[in-house]
Amino acid sequence: MDKVAEMPLMDERDGNIVLFYPHIPKSAIRSVEETLSTRWIGQGPKVQKFEEKFEKKYSGGRRAIALGSGTDALHLAYILADIKDNDEVVAPVFTCTATNIPLLYERAKVVFADVQLGTLNIDPAHVRRLVNERTKAIVCVHYGGLPCDMQELSQIAEEWGIPIIEDAAHAIGAVYRGKVIGTISEFTMFSFQAIKHITTGDGGMLIIKDSDLYEKAQKIRWFGIDRSAKQKGIWENDIKEIGYKYQMTDIAAAMGLAAIEEFDQVLALRRELLFAYEKGLRDIPGIRLVGSGYTDREHAAWLCTVIVERRINLQNKLRENRIESNQVHYRNDRYSIFGGRRNDLPNMDSIEDKYLVLPLHTKMTVSDVERICEVIRSGW
Ligand SMILES: Cc1ncc(COP(=O)(O)O)c(C=O)c1O
C-alpha cells in the first residue's frame, strides 16, 4: 500500500484508533427526544436559548445568531460585510473549502495568503503585502484550534478600514492574549458539524459586532422576513432584503444546549490529549507538532497536526498498528474553482507533502496517545 487514496476508512471497533469520533452527551439524546414531542422542532425557543447561552460564553457582549451550518454562517458574514462582484478578499489557502467557497457565491476574488510554518495559520506578513484598496475583508481560520496572530491581523484591518471574518470552526474555547475567540473581530463563525467539539449534527453560529447588521442577519436567515412582525398576522411585513433559509432547528439547538453544558470537560480532555502528544513526540527526529510552544494563546485542541518527513511511510506504519491518520484539509488553490494552483506560496509549498493529522477525540485516553507516540518513536 503506497498511496493515501488506497487507505479506506477504518472501523472504530476491534481496537482501531480512528481519526475522529462525534461527541454526543447522553443528555443531548434525552433532550432531542423531548424536543421531538413538542410543538417546535424547526426554529423555535430552543434556538433562542442556545444563542443566549452561547453569547454569554463566547461573544463579549456581541450578538449570536444560530444557523444551519458553519458554511451558512460564513456565507451570511460575507453578505453582511457587503462582499460582492470582484471585491478582493484576502483568505487562507490552507483550510476547509467551506471557508472560501461562499466567497465565490458572492463573485468575490479570493486572494490566497500563505501559511506560517509554525502554526499553519495565515501569515500576517503576507496578508500585509496582499491588502490593497480593492480588498473588502480579511478572512482567517484558527487552524486546528490555535488562534491566529490576531493583533497583527487586526492592525492591518484597522489601517485599511476593513473587517476581519474569523473562521473559528476549529476554535471554540480558544483564547488569544486573554481574549476568548468570538470577542475580537466584526464577525466570528463557529461550526457544530458532526465531529466538532460541540455537534448539532450540522449547525453553526455567527457572532456579529454591529447591532444593525445583527438585525439584518436575523431577516436574511429567514428569506428576508421579519419573523416577529409576521406573528402579528397583518400585512405590514414587506421583504426588503433577499434572504435564504439559513436557520438552525430546535432539534439541533437541543443538542447544542446539552453539549454546551459539557463543553468545559470536553475541552479539558482534548487539551490533555494534545498535551500528551506534545510530550510523547518531543525529541523524535523527523517529526514536529504544529502550533506548540505558544504562551500567549490557548489551543482549542481540535486537531493534532504534525509535520513529518516521509509522510506516506508514517501513515502506513500507523495503519499497520491500527491507527488512522489523514490530511483532512488541502490547499484550496489546488481546486479548479479557485483558478487552479499558484506557485507563490513558499511555506504552503514546503509543507504540502509533510503535514498529517493524528487521532484526537473524546473516545480516546492519554494511554491511546502514548501508544500512538510509541509507534511513531519506533520509526517509519
Ligand atoms: C475551517 C472550517 N471552516 C468551515 C467549515 C464548515 O463548517 P460546516 O461544516 O459547519 O458548514 C469547516 C468544517 O466543517 C471547517 O473545518
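From a predicted model like this one, the values you see are computed outputs, not experimental measurements.

## Details of the sheet that holds strand S8 (residues 187-191)
Within the open sheet, the seven strands sit side by side as S1-S9-S8-S5-S4-S2-S3. Their pairing is mixed. Where the open sheet ends on each side, the last strands, each with one partner, are strand S1 (63-67) and strand S3 (109-113). Going across the sheet, the axis of each strand differs from the next one's by a mean of 20°, ignoring polarity. When S1 meets strand S9 (residues 204-208), the two strands line up antiparallel, connected through five bridges. Across the sheet, residue Leu 67 finds its bridge partner in S9, namely Gly 204. The strands touched by helix H3 (residues 70-80) are S1, strand S4 (135-141), strand S5 (164-167), S8 and S9; relative to S8, the strand with the most contacts, the crossing angle is about 165°.

## Looking at empty space enclosed by the protein
Overall, the coordinates contain one cavity of 30 Å³ or more when judged by the stated rule. When its volume is computed, the largest cavity comes out at roughly 70 Å³. Surrounding the largest cavity, Thr 119, Tyr 143, Gly 144, Leu 146, Leu 274, Leu 289, Val 290, Gly 291, His 299, Leu 303, Cys 304 and Thr 305 form its lining. Along the lines of polarity and charge, the residues of the lining of the largest cavity split into seven nonpolar, five polar and no charged. The residues that make up the lining of the largest cavity include at least three from each of domain 1 (4-21 + 263-377) and domain 2 (26-257).

## A short note on the site of the ligand
By nearness alone, 18 residues border the ligand, and Gly 70, Thr 71, Asp 167, Ser 191 and Lys 196 come closest of all. The separation between an oxygen atom of the ligand and a polar side-chain atom of Lys 196 is 2.7 Å. Within the complex, 92% of the 380 Å² of free accessible area of the ligand lies under protein. Considering every element that reaches the shell around the ligand, the biggest residue donor is H3, with three residues.

## Some words on the packing of helix H9 (residues 250-281) against helix H12 (residues 366-377)
Viewed as axis vectors pointing N to C, H9 and H12 meet at an angle of 25°, and their least axial separation amounts to 9 Å. As summarised for this structure, H9 and H12 are arranged roughly parallel, according to the angle between their axes. Of the two possible hands of crossing, H9 and H12 adopt the one that is right-handed. Here Glu 272, Leu 273, Ala 276, Tyr 277, Gly 280 and Leu 281 of H9 come into contact with H12, specifically with Val 366, Val 369, Ile 372, Cys 373, Ile 376 and Arg 377. Broken down by class, the residue content of the contact of H9 with H12 amounts to nine nonpolar, one polar and two charged.

## Concerning helix H1 (residues 26-36)
Buried residues of H1: Ala 28, Ser 31, Val 32 and Thr 35, and no others. End-on, the buried residues of H1 take up no more than an arc of 100°, which puts them together on one face. For H1, the exposed residues set more than 90 degrees away from the buried face come down to Lys 26, Ile 29, Arg 30, Glu 33 and Glu 34.

## Describing the side chain of Ser 69
Note on placement: Ser 69 falls in the loop between S1 and H3. A distance of 2.9 Å separates a polar side-chain atom of Ser 69 from the backbone nitrogen of Asp 72. Once residues within four sequence positions are removed from consideration, Ser 69 is found in contact with Gly 203 and Gly 204.

## Details of the domain arrangement of the protein chain
Entries for the protein chain in the domain assignment read domain 1 (4-21 + 263-377) and domain 2 (26-257). Measuring from the centre of the C-alpha atoms in domain 1 to the corresponding centre in domain 2 gives 26 Å. At the junction of the two partners, domain 1 supplies 39 residues and domain 2 supplies 41 residues. Across the domain 1/domain 2 interface, buried area totals approximately 3500 Å², and carbon plus sulfur atoms make up 64% of it. Where domain 1 touches domain 2, the interface holds three salt bridges. When the shortest N-O distance is used, the salt bridge between Asp 264 and Lys 57 registers 3.2 Å. Applying the counting criterion to the domain 1 and domain 2 interface returns 21 residue pairs in polar contact (both at pLDDT 80 or more). Where the side of domain 1 that touches domain 2 is concerned, the elements lending two or more residues are H9, strand S11 (297-298), strand S12 (304-308), helix H11 (346-351) and strand S13 (355-358).

Parameters at a glance
Residues numbered from 1 in each chain as written. Predicted model: local features only at pLDDT ≥ 70, side-chain atom pairs only at ≥ 80, totals over all residues. Heavy atoms only, no water. Pairing = 2+ DSSP bridges. Helix = DSSP H or I, 4+ residues; strand = E, 2+ residues; numbered from the N terminus. Axes fitted to C-alpha atoms, helices over the stretch in contact; angles between N-to-C directions. Contact = heavy atoms within 4.5 Å. 1 Å grid on protein atoms, 1.4 Å probe; cavity = no way out; pocket = protein on both sides within 12 Å on 5 of 7 lines; lining within 4 Å. Points joined across faces, edges and corners; volume = space filled by probe spheres on them. Nonpolar A, V, L, I, M, F, W, Y, C, P; charged D, E, K, R; others polar. Domains from an automatic or database assignment. Near = heavy atom within 4 Å. Polar contact = N/O pair within 3.5 Å; in protein donor to acceptor, adjacent residues only side chain to side chain. Areas by Shrake-Rupley, 256 points an atom, 1.4 Å probe, with all protein chains shown as cover. Parallel < 35°, antiparallel > 145°, perpendicular 65-115°, else oblique. Left-handed = near helix turned anticlockwise from the far one by under 90°. Buried < 20%, exposed > 50% of the residue type's maximum accessible area, 1.4 Å probe, protein only. Arc of directions from axis to C-beta. Buried area = accessible area lost by both parts, 1.4 Å probe. Salt bridge = Lys/Arg side-chain N within 4 Å of Asp/Glu carboxyl O.

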